[in-house]
Amino acid sequence: MFINLFSTSQTQERPTMAVSEKMKNFSVKSSWIRKMFEEGARLKAEFGNDNVFDFSLGNPDVPPPELFQEILLETARDTSPGHHSYMPNGGLPWVREAIAARMSAEQGVAVNHGDMLMTCGAAGALNVTMKALLNPGEEVILLAPYFVEYSFYVDNHGGVGKVVKTDDEFNIDLEAVEAALSEMTRAVIINSPNNPTGQLYSAESIGALGQLLEEAGKKFGSTIYLVSDEPYRKIIFDDYQVPPIFSHVRNRIVLSSFSKDLSLPGERIGYLALHPEADDKALLLDAMTLATRILGFVNAPAFMQRVVAELQEVSSDHTIYARRRDIFCKILSDAGYDFIPPKGAFYVFPKTPIADDVKFCSYLQDEKILAVPGRGFGAPGHIRLAFCVDEDFIKRSAEGFKAAVKRAAIN
Ligand SMILES: Cc1ncc(COP(=O)(O)O)c(C=O)c1O
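Everything numeric here is computed off the predicted structure, so don't read it as measured data.

**What to know about the packing of aromatic side chains**
Here comes step 1: What the rule picks out here adds up to 18 aromatic pairs.
Here comes step 2: With centroids separated by 5.7 Å and ring planes inclined at 65°, the aromatic side chains of F170 and F349 adopt a geometry described as edge-to-face. Of the two residues, F170 sits in the loop between β4 (160-165) and α7 (174-180) while F349 sits in the loop between β9 (347-348) and α12 (357-366), which places them 179 residues apart along the sequence. In terms of burial, F170 and F349 fall into one category: buried.
Here comes step 3: An aromatic cluster is defined as three or more aromatic residues linked by ring pairs; in this entry it consists of F55, F237, F328, Y337, F360, Y363, F387 and F401.
Here comes step 4: Here the guanidinium or amino end of K368 rests over the ring plane of F47, the centre of that ring lying 4.5 Å away.
Here comes step 5: One Lys or Arg, R396, reaches over the ring of F393 and ends 5.2 Å from the middle of that ring.

**Quick look at the site of the ligand**
Here comes step 1: Surrounding the ligand, one finds 14 residues, the nearest of these being D229, Y232, S257, S259 and R268.
Here comes step 2: K260 has a polar side-chain atom sitting 2.8 Å from an oxygen atom of the ligand.
Here comes step 3: Between the ligand and R268 there is a distance of 2.7 Å, counted from an oxygen atom to a side-chain nitrogen or oxygen.
Here comes step 4: With the chains in place, 92% of the 390 Å² that the ligand exposes on its own is no longer accessible.
Here comes step 5: It is helix α5 (residues 121-133) that provides the largest number of residues to the shell around the ligand, a total of 3 residues.
Here comes step 6: Class assignment of the residues belonging to the shell around the ligand gives a composition of 6 nonpolar, 5 polar and 3 charged.

**Focus on the confidence of the model for the protein chain**
Here comes step 1: The predicted model of the protein chain averages 94 in pLDDT, with 96% of residues at 70 or higher.
Here comes step 2: Contacts from residues 1-11, a stretch scored under 50 in pLDDT, to residues over four places away or in other chains number 8 contacts.

**What to know about the sheet that holds strand β11 (residues 372-373)**
The strands that make up a sheet are held in pairs by hydrogen bonds between backbone atoms, and each pair lies either parallel or antiparallel.
Here comes step 1: Sheet architecture is open: 3 strands sit in the order β9-β12-β11, paired in antiparallel fashion. At either end of the open sheet lies a strand with only one pairing partner, and these are β9 and β11.
Here comes step 2: Direction of pairing for β9 relative to strand β12 (residues 383-386): antiparallel, over a ladder of 2 bridges. Residue V348 lies in a different strand from β12, and its bridge partner there is L385.

**Observations regarding the pairing of strand β5 (residues 185-190)**
Here comes step 1: Of all the 6 residues making up β5, 6 are buried; the element is thus mostly covered by neighbouring parts of the structure.
Here comes step 2: Here 4 bridges tie strand β3 (residues 139-144) to β5, and the two strands are oriented parallel to one another. Note that in β5 the partner of V140 across the bridge is A187.
Here comes step 3: One ladder, built from 4 bridges, connects β5 with strand β6 (residues 225-229); its direction is parallel. Paired with I190 across the strands is S228, a residue of β6.
Here comes step 4: Note that the unit made of β5, helix α8 (residues 203-220) and β6 has a crossover that is right-handed.

**Some remarks on the side chain of R324**
Here comes step 1: Its location among the elements puts R324 in helix α11 (residues 319-334).
Here comes step 2: By relative accessible area, R324 is classed as buried at 4%.
Here comes step 3: A distance of 2.9 Å separates a polar side-chain atom of R324 from the backbone oxygen of F387.

**Some remarks on the pairing of β3**
Here comes step 1: Summarising burial for β3: 6 of the 6 residues are buried, a large majority.
Here comes step 2: Side chains E139, I141 and L143 of β3 all project onto a buried face; the interleaved residues V140, L142 and A144 project onto the opposite face, where all are buried too.
Here comes step 3: Pairing analysis gives 6 bridges linking β3 to β4, with the strands arranged parallel. Within β4, the position partnered with L142 by the bridge is V163.
Here comes step 4: Chirality of the crossover, the property in question, places the unit of β3, helix α6 (residues 149-156) and β4 among those that are right-handed.

**Thoughts on the packing of helix α3 (residues 66-77) against helix α10 (residues 302-309)**
Here comes step 1: In contact at an axis separation of 9 Å, α3 and α10 are set at 130° when each is read in the N-to-C sense. Judged on the interaxial angle alone, α10 and α3 are oblique. Crossing handedness for the pair α3 and α10: right-handed. Between α3 and α10, the contacting residues are F68, I71, L72, T75 and A76 on the first element and F303, M304, R306 and V307 on the second.
Here comes step 2: Of the residues in the contact of α3 with α10, the class split is 7 nonpolar, 1 polar and 1 charged.

**Quick notes on the sheet that holds strand β2 (residues 116-119)**
Here comes step 1: With mixed pairing, 7 strands are arranged side by side in an open sheet as β2-β8-β7-β6-β5-β3-β4. Edge strands, defined here as strands with exactly one partner in the open sheet, are β2 and β4. When strand polarity is set aside, the average angle formed by the axes of neighbouring strands in this sheet is 20°.
Here comes step 2: Relative to strand β7 (residues 252-257), α5 is tilted by about 150°, and along the sheet it contacts β2, β3, β5, β6, β7 and β8 (270-274).

**Quick word on empty space enclosed by the protein**
Here comes step 1: In the structure shown here, the tally under the stated rule is 2 cavities of 30 Å³ or more.
Here comes step 2: Its boundaries defined by the atoms lining it, the largest cavity holds a volume of some 60 Å³.
Here comes step 3: Lining the largest cavity are R102, E106, E230, R233, K234, S256, S257, F258, D261 and Y271.
Here comes step 4: Along the lines of polarity and charge, the residues of the lining of the largest cavity split into 2 nonpolar, 2 polar and 6 charged.
Here comes step 5: Its boundaries defined by the atoms lining it, the second largest cavity holds a volume of some 40 Å³.
Here comes step 6: Lining the second largest cavity, in full, are L143, P145, Y146, F147, Y150, I189, I190, N191, N194, N195 and Y201.
Here comes step 7: Looking at side-chain class alone, the lining of the second largest cavity contains 8 nonpolar, 3 polar and no charged residues.

Rules used in this analysis
Residues numbered from 1 in each chain as written. Predicted model: local features only at pLDDT ≥ 70, side-chain atom pairs only at ≥ 80, totals over all residues. Heavy atoms only, no water. Phe/Tyr/Trp six-rings, centres within 6.5 Å; stacked < 30°, edge-to-face > 60°. Helix = DSSP H or I, 4+ residues; strand = E, 2+ residues; numbered from the N terminus. Buried < 20%, exposed > 50% of the residue type's maximum accessible area, 1.4 Å probe, protein only. Lys NZ or Arg CZ within 6 Å of the ring centre and 35° of its normal. Near = heavy atom within 4 Å. Polar contact = N/O pair within 3.5 Å; in protein donor to acceptor, adjacent residues only side chain to side chain. Areas by Shrake-Rupley, 256 points an atom, 1.4 Å probe, with all protein chains shown as cover. Nonpolar A, V, L, I, M, F, W, Y, C, P; charged D, E, K, R; others polar. pLDDT = per-residue confidence, 0-100. Contact = heavy atoms within 4.5 Å. Pairing = 2+ DSSP bridges. Right-handed = clockwise from strand over helix to strand, strands pointing away. Axes fitted to C-alpha atoms, helices over the stretch in contact; angles between N-to-C directions. Parallel < 35°, antiparallel > 145°, perpendicular 65-115°, else oblique. Left-handed = near helix turned anticlockwise from the far one by under 90°. 1 Å grid on protein atoms, 1.4 Å probe; cavity = no way out; pocket = protein on both sides within 12 Å on 5 of 7 lines; lining within 4 Å. Points joined across faces, edges and corners; volume = space filled by probe spheres on them.

The following block contains the structure:
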């Protein structure tokens, strides 16, 4: 039936369905996020940006490294023909070679540039991966707390996100994963260093998870891929090390971006790589390349591919995040919050002193502090605080954090 989207007539046979039922439901489910942002915008309009402590966004504020600007200008000056043309959907081969070389050192396994694709950020890489892997109704295990968009990305491609809790310290709970595995499981997504917890998974736990998936695959006659989403790999504190993912078990996909470690989230540039011995590697790569095309990405941005190829060995200054983490942890522990100090990324995920995390966020808002309720990450009873803000903001928020705890104690 033809529906005139511009009609204001009340006498139509059925109401205009401008938006699908699914999207309407998604909107309702995430309406508290909208409310939170609206409230944040209202506070900023009333009190000024400098007087609202906005810890809600994981938008890196540390500038990209100096070399970025240099390479950016150099790349812009190069007017060779074809630089802005279509290209192989998987990306420029020489760019993939540069990234594969760095990944080989990082992973301790020779990563072939033919086994990787350039993508529109880690989000693009996740969508391409899900599109390539999933049959309708197949399951992807998500370890809660998790990056909220995973469940949408899985759903985009007909899959079902199956949420499995991590343990009390946000480490992988192998028994819980084992209990959730079935003949419908296609993949498990891990994210370490983690958004929202800042937790880092140990080499042992990743090895044991890989082994578990290998055995489950044999039992169910399937391949279950371990998908490691790692845009925060380089943002790591103290002497912690992010273990390689490609050691031990073959069926692994690493995906990442330059959004966080080079502070380029708006540029939408990322990549994915398959383990050199992954099952059905050629089929999977073909499917991912086609997915890049038919999802409408076509290819990752050409200009940025050329720029990041030259930036494999540099990062923005992560000591700034480390310093903020120390200041924030001190403020939170002085105010009586219970939390695991983050080992990487730029988030801290304290427990809320009352069970209702949305209500506690409203107490914080009354102190002009914006935080994200943990329920948005599949972990109610927590808040996520992103320290992508100036040190001075963190320091000035201390009294507000204390006041919200005191209010929680008397309510
Ligand atoms: C865990 C995680 N994965 C993926 C993404 C998406 O990253 P990108 O901007 O590179 O698409 C984010 C962004 O916040 C994230 O936190």
